[in-house]
Amino acid sequence: MAGYLVNDERKVTTHRFIEMKQKGEKISMLTSYDFTTAGIVDRAGIDGILIGDSASNVMVGNTTTLPMTVDQMIYHARAVVNGVKRALVVCDMPFGSYQVGSHVAVSNAIRIMKESGCDALKLEGGVEIIDGVKRILDAGIPVMGHLGLTPQSINKFGTYAVRAKEEREAEKLLNDARLLAETGCFAVVLEKVPAALAEQVTAEISVPTIGIGAGAYCDGQILVIADMLGMTQGFSPRFLRRYADLNSIMTDAVGQYVTDVKSGDFPNESESY
């Protein structure tokens, strides 16, 4: 299958994200956590790459995103930035790096930007963290919001089920989205919320919405790369479309390598000096 033809090779910026919404052009995003993968994703034509704190699950094997530290996020973000030429690179601020107060939030935000070289940061939450968002924006750092299912709050909610199905929570999400946009966030991720609510938010705010499990009416979509490439197993939410089965491909390739080494077939004469 041929890749997407990128007509504009310019570096994608936060301003371009907003332009894309205004033009009705859908925004494509994926996560990445390392140099090699990020380079492949970037060359394939992706608009934005998120260094998600989902690295905690995908790269380390933790059951939640909570253990990720600022140092670990900087490590992954630096690797991704080194592999990217075109895509907008956004880094998650990990749990505990911004919730404790606006002064701590802006200090950590500045450090992540300086040491990683990424283009923007993503924070989870609405009115509860708005002071930190304002301070970070005032420091000249672009911010992407994140509402709906917020994995850093998993111990509060106790479930990864769809959020904002009830009227009260839906109204809060809508108000939080308006607040984030009005404060200056350049985009808002909507995770696992009803499609009708995501459509309403998308229509009412001036900045793009990026959906994951939020239906087709968002301005863009994001998936975790290990999930959409079929590297992970046992995780099959309704919103996930697998575009490959790398788990099987990689297992078969490693198995063949083991067989060739054991049999003496590798390396052969042409593979020797």
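Residues numbered from 1 in each chain as written. Predicted model: local features only at pLDDT ≥ 70, side-chain atom pairs only at ≥ 80, totals over all residues. Heavy atoms only, no water.

1. A word on the packing of aromatic side chains
Here a ring pair, both rings aromatic, is described through the centre-centre distance and the interplanar angle of the planes.
Then, number 1: If you walk through the whole model with that rule in mind, you get two aromatic pairs.
Then, number 2: On the numbers, 5.9 Å between centres and 70 degrees between planes, the contact of F17 with F186 is edge-to-face. One end of the pair, F17, is in helix α1 (residues 14-23); the other, F186, is in the loop between α8 (167-183) and β6 (187-191), and 169 residues separate them in sequence. (Phe/Tyr/Trp six-rings, centres within 6.5 Å; stacked < 30°, edge-to-face > 60°. Helix = DSSP H or I, 4+ residues; strand = E, 2+ residues; numbered from the N terminus.)

2. Details of a nonpolar patch on the surface
Then, number 1: Judged by side-chain polarity, V254, Y257, V258, V261 and F266 come together as a nonpolar surface patch covering roughly 440 Å² of accessible area.
Then, number 2: The partly exposed category is assigned to F266, whose relative accessible area is 37%. (Patch = residues over 30% accessible without salt bridge, like charges linked within 9 Å, V, L, I, M, F, W, Y side chains within 5 Å. Areas by Shrake-Rupley, 256 points an atom, 1.4 Å probe, with all protein chains shown as cover. Salt bridge = Lys/Arg side-chain N within 4 Å of Asp/Glu carboxyl O. Buried < 20%, exposed > 50% of the residue type's maximum accessible area, 1.4 Å probe, protein only.)

3. Observations regarding the packing of helix α6 (residues 130-138) against α8
Then, number 1: Packing of α6 against α8 brings their axes to within 10 Å, and their N-to-C directions diverge by 20 degrees. Looking at the two axes, α6 sits roughly parallel to α8. For the element pair α6 and α8, the recorded crossing hand is right-handed. Of the residues in α8, those touching α6 at I130, V133, K134 and L137 are L179, L180 and T183.
Then, number 2: Split by residue class, the contact of α6 with α8 holds five nonpolar, one polar and one charged. (Axes fitted to C-alpha atoms, helices over the stretch in contact; angles between N-to-C directions. Parallel < 35°, antiparallel > 145°, perpendicular 65-115°, else oblique. Left-handed = near helix turned anticlockwise from the far one by under 90°. Contact = heavy atoms within 4.5 Å. Nonpolar A, V, L, I, M, F, W, Y, C, P; charged D, E, K, R; others polar.)

4. Comments concerning the environment of I212
Then, number 1: When you line up the elements, I212 lands in strand β7 (residues 209-212).
Then, number 2: Overall, the relative accessible area of 11% leaves I212 in the buried class.
Then, number 3: In sequence terms I212 and L223 are 11 residues apart; their C-alpha atoms lie 6.4 Å from each other.
Then, number 4: Excluding its chain neighbours within four sequence positions, the residues that come into contact with I212 are V189, L190, E191, K192, Q221, I222, L223 and F239.

5. Some words on the sheet that holds strand β5 (residues 143-148)
In any sheet, the strands associate via hydrogen bonds between backbone groups, in a parallel or an antiparallel arrangement.
Then, number 1: With parallel pairing, the eight strands of this closed barrel are ordered in space as β1-β2-β3-β4-β5-β6-β7-β8. Ignoring strand direction, the axes of neighbouring strands in this sheet form an average angle of 25 degrees. (Pairing = 2+ DSSP bridges.)

6. Concerning the environment of V143
Then, number 1: Mapped onto the elements, V143 comes out in strand β5.
Then, number 2: Residues contacting V143, with those up to four places away along its chain left out, are L121, L123, V133, I136, L137, C185, F186 and A187.

7. What about helix α9 (residues 195-204)?
Then, number 1: Three or more residues of α9 are buried, namely L197, A198, V201 and T202. Around the axis of α9, the buried residues are gathered within 135 degrees of arc, so they sit on the same side. Seen from the buried face of α9, the exposed residues on the opposite side, beyond 90 degrees, are A196 and A203.
Then, number 2: Of the surrounding elements, those touching the buried residues of α9 are α1, α8, β6 and β7. (Arc of directions from axis to C-beta.)

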